[in-house]
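Descriptive analysis of the structure
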Amino acid sequence: MKKPWRNLALVLFITAVLVGGLAGGHLLAVGSGEFAPIREYTDLIEAAHAHYAVPEVAYRDLIFASIGGMLRSLDPHTSFLPPVAYDSMRERQQSSFYGLGIYVGTRNGRLTVISPIEGTPGYEKGIRAGDIIHLIDGEPTEEMSPNEAIRNLKGPKGTDVTVTLLRPGLDEPLVVTVTRAEIPQETVRHVHMVKPGVGYVLVNDFSRSTGTELERALAGLRDQGMERLVLDLRDNGGGLLDQAIEVSAQFVPPGSTIVETRGRIESSRQTYRSTGRHEPLDLPLVVLVDGGSASASEIVSGAVQDHDVGLVVGASTWGKGLVQTVYELSYGAGLALTTARYYTPSGRLIQRDYSSYWDYYTEYDANGSNGEDAPPEELLPLDGDVPAGLLVPPPAPSGEERPVFYTDLGREVYGGGGVTPDHVIEQDEPPALIWRLQARSGFHRFPFEAGNQEGVESTDWQVPDDYLERFWEWAVEEELVTAEELEEAREDPEVDRHARARLRYEIFNTAFGLTEGYKAQTELDTQLARALELLDEAEELLDRRLDLDRQRGSRTSGLVAQQ
């Protein structure tokens, strides 16, 4: 009788080999002789399981690892998704989930509430920013990874979860039982007027509701008098192709090409155009990008740039021009298989040459760095937010090596190595001491200890000198920094400036919500400041674009041939 693991190995192996052919509507012919390597493979699995020293390795782990190795040989983006990872991916792409309605993160090594969402069960039960989630249904969170803890907080609609909270200033833990409810999973995270007449929208992902969320956000900003827009796609790693198209269609002329996909299989060759369902924005636009902008973010920024409806500003994007189709396998896993490449309207393939930079793809860690370009270990953000600038893609080829394409107005743009901004602006890095204090949760802890939020009554509040001095004294007392290090660091006025902004960010998160907290720290955002300055140039570009449309007699864009 065959061992069950052999059946699993054969199913997984053959499925991975044949799924491309099955998706194309026909089964690849495989002769009996071609199955000989599969027998060798199963013998190898048996030998590893039987004779590996310590510890004993499960058949399933060996098989899943071998599939990962096989797919890795194809390209960095083709991957096998075990059941847990596949479920997590599908959940991220949904527009809602069932849970408490709180943003959580790790602060000082503990699972901490960053902010409750107003109107959700967690908010109604009195959970506050700064609360440490000590137990979830009686199980200590110190033993859980952040993802595991979040999975335990989520669950079926109408079910209860009991959380034990440690609140700074209280001697006894708080035990709260919350009934899970539907929580919107918003990808358009921050929407506000950054200055009179200028709207700001941050999109952090492309899930099933992103296009609708953006449409709603733009309508709300227009009602507030928006005359110009900054669209922020920094650190947005992409998502669903159809939502990239839906977002792009709200900026480019009706009928114009947004993206083309080209693959070996006939069905993978598609041209996606703006349907005209949306009236284009027709306002001066700047799109912010950086090395963390990938895939769907590059489709949007590439379409905006190629059709000259806005300026792209920031750092070169990641350079992911490969399209994955996700196939659901019968045993609850998934296969994300590269089935096509995508091309921007001018014909650019912006896929980076991963064969030359394989380590950047395969050794990327959770902090967004492969280690070579990271700051000293003691300055890394061990938990909490990752400082801007850590997400560093491999170096792009020089302009001379990259193929040249042309926008609708004849401006030069480049293929390969990501989307190169019209204006390359590097983000200023915070001083080393600020990084260290962030890593040790200093700015987050201080407002919650010893009543250090008094006097904060409106968003006009600025950090007074005596408050800042009290913070520095506290940081020394808590041994987050020595008095000598602090004295030397404060010779740089940027240290105090960054400290004030980070304190306002943490305090405003609690007092006024995440958007006000986010706005409080934008004074440190070099790229955003430059984007605002470039809106005049974006207006000039849009005027030229509209003149071109008037000459053609319609808003439908033609493509300028590659030269």
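Residues numbered from 1 in each chain as written. Predicted model: local features only at pLDDT ≥ 70, side-chain atom pairs only at ≥ 80, totals over all residues. Heavy atoms only, no water.

1. Section: the overall build of the protein chain
Across its full length, the protein chain carries 18 helices and 21 strands. Taking all 563 residues of the protein chain together, 49% fall into the buried category. Partitioning the contacts of the protein chain with sequence separation of at least 6, the portion at a separation of at least 24 is 69%. (Helix = DSSP H or I, 4+ residues; strand = E, 2+ residues; numbered from the N terminus. Buried < 20%, exposed > 50% of the residue type's maximum accessible area, 1.4 Å probe, protein only. Contact = heavy atoms within 4.5 Å.)

2. Considerations on the pattern of salt bridges
Inspection of the entire model under this criterion finds 25 salt bridges. Of the charged contacts in the structure, one is a salt bridge between Asp232 and Arg234, with a shortest N-O distance of 2.7 Å. What makes Arg234 buried here is its relative accessible area of 11%. Among the ionic pairs, Asp525 bridges to Arg234, the shortest N-O distance being 2.7 Å. Of this pair, Asp525 sits in the loop between α16 (514–520) and α17 (526–533) while Arg234 sits in the loop between β12 (228–232) and α8 (241–248), and the two are 291 residues apart along the sequence. Each member of the salt-bridge network shares a partner with another, and the members are Arg228, Asp536 and Glu539. (Salt bridge = Lys/Arg side-chain N within 4 Å of Asp/Glu carboxyl O.)

3. Let's talk about the packing of aromatic side chains
All chains considered together, the criterion is met by 11 aromatic pairs. On the basis of an interplanar angle of 20° and a centroid distance of 5.2 Å, the ring pair of Phe443 and Phe471 is categorised as stacked. In this pair, Phe443 sits in helix α12 (residues 442–445) while Phe471 sits in helix α13 (residues 465–477), placing the two residues 28 residues apart along the sequence. For the pair shown, Phe443 and Phe471 are each scored as buried. An aromatic cluster is built from Phe443, Phe446, Trp461, Tyr467, Phe471, Trp472, Trp474, Phe508 and Phe512, whose rings are joined through pairwise contacts. Directly above the aromatic system of Tyr343 lies the positively charged group of Arg262, at a separation of 3.8 Å from the ring centroid. (Phe/Tyr/Trp six-rings, centres within 6.5 Å; stacked < 30°, edge-to-face > 60°. Lys NZ or Arg CZ within 6 Å of the ring centre and 35° of its normal.)

4. Section: the side chain of Glu213
Along the chain, Glu213 falls in helix α7 (residues 210–223). Buried and unpaired, Glu213 has no salt bridge, with Arg216 as the nearest side chain of opposite charge at 5.2 Å. For Glu213, the side chain forms a polar contact with the side chain of Ser209, separated by 2.5 Å. Setting aside residues up to four positions removed in sequence, Glu213 forms contacts with Gln185, Glu186, Thr187 and Val188. (Lys, Arg positive; Asp, Glu negative; His and termini not counted. Polar contact = N/O pair within 3.5 Å; in protein donor to acceptor, adjacent residues only side chain to side chain.)

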